[in-house]
Amino acid sequence: QVQLVESGGGLVQPGGSLRLSCAASGIIFSIATMGWYRQAPGKQRELVAVINSGGSTNYADSVKGRFTISRDNAKNTLYLQMNSLKPEDTAVYYCNQAKGTLRPWGQGTQVTVSS
């Protein structure tokens, strides 16, 4: 049974930082291309960062230079370091595979950027 559990969200002021984590089980995490997605109120879910099994990364233009995706295969955990946060980064953040069949979505973690 696949399970994706996101954590680390919260309320942060503009310019602040957060580190999100995603604990994965039920998949062969080490060979999976993984991604962080986000969904803002009234908008479609979008893919913002991707990391493949070799550690190569890609980012949406809206977060490039501010967000860093990483992985720890020994812990089956995906991370997203978010710096210089902006109000428009406010969303629920989810992790999932970014290549192949999407897995059942976790509950996500809420990130709110506001003064």
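First, a word on scope: everything that follows refers to the structure included in this document.

Examining the nonpolar core
Part 1: One finds Met34, Trp36, Ile69, Leu78, Leu80, Met82 and Tyr93 to be the most contacted residues of the largest nonpolar core, which totals 29 residues.
Part 2: Of all the secondary structure elements, the ones that give two or more residues to this core are strand S3 (18–25), strand S4 (34–39), strand S5 (46–51), strand S7 (67–72), strand S8 (77–82), strand S9 (91–97) and strand S10 (109–113).
Part 3: With 4 residues, the top contributor of residues to this core is S3.

Examining unusual backbone geometry
Trans peptide bonds make up the majority, and among non-glycine residues the majority have a negative phi.
Part 1: Positive phi outside glycine occurs at asparagine 76, with the angle close to 50°.
Part 2: Checked against the element boundaries, asparagine 76 lands in the loop between S7 and S8.
Part 3: Under the relative-accessibility criterion, asparagine 76 is labelled partly exposed at 27%.
Part 4: Of note, serine 84 is a non-glycine position whose phi angle comes to about 50°, a positive value.
Part 5: Its place among the elements puts serine 84 in the loop between S8 and S9.

Remarks on the packing of aromatic side chains
Part 1: All told, the structure shown has 2 aromatic pairs when counted by the stated rule.
Part 2: On the numbers, 5.0 Å between centres and 90° between planes, the contact of tyrosine 37 with tryptophan 105 is edge-to-face. Of the two residues, tyrosine 37 sits in strand S4 while tryptophan 105 sits in the loop between S9 and S10, which places them 68 residues apart along the sequence.
Part 3: The class of tyrosine 37 is buried, set by a relative accessible area of 10%.
Part 4: Look at tyrosine 94 and tryptophan 105: their rings are 5.7 Å apart centre to centre, the planes differ by 75°, and that puts the pair in the edge-to-face class. In this pair, tyrosine 94 is assigned in strand S9 and tryptophan 105 in the loop between S9 and S10, connecting sequence segments 11 residues apart.
Part 5: Assessed through its relative accessible area of 33%, tryptophan 105 is described here as partly exposed.
Part 6: Cluster of aromatic residues (ring-pair linked, three or more members): Tyr37, Tyr94 and Trp105.
Part 7: Sitting over the face of the ring of tryptophan 105, arginine 45 holds its NZ or CZ atom 3.9 Å from the ring centroid.
Part 8: Sitting over the ring of phenylalanine 29, arginine 71 keeps its end group 4.7 Å from the ring centre.

Calculation criteria
- Residues numbered from 1 in each chain as written.
- Predicted model: local features only at pLDDT ≥ 70, side-chain atom pairs only at ≥ 80, totals over all residues.
- Heavy atoms only, no water.
- Core = buried A, V, L, I, M, F, W, Y, C linked by side-chain atoms within 4.5 Å.
- Buried < 20%, exposed > 50% of the residue type's maximum accessible area, 1.4 Å probe, protein only.
- Helix = DSSP H or I, 4+ residues; strand = E, 2+ residues; numbered from the N terminus.
- Phe/Tyr/Trp six-rings, centres within 6.5 Å; stacked < 30°, edge-to-face > 60°.
- Lys NZ or Arg CZ within 6 Å of the ring centre and 35° of its normal.

Remember, this is a structural readout, not a statement about activity or role.
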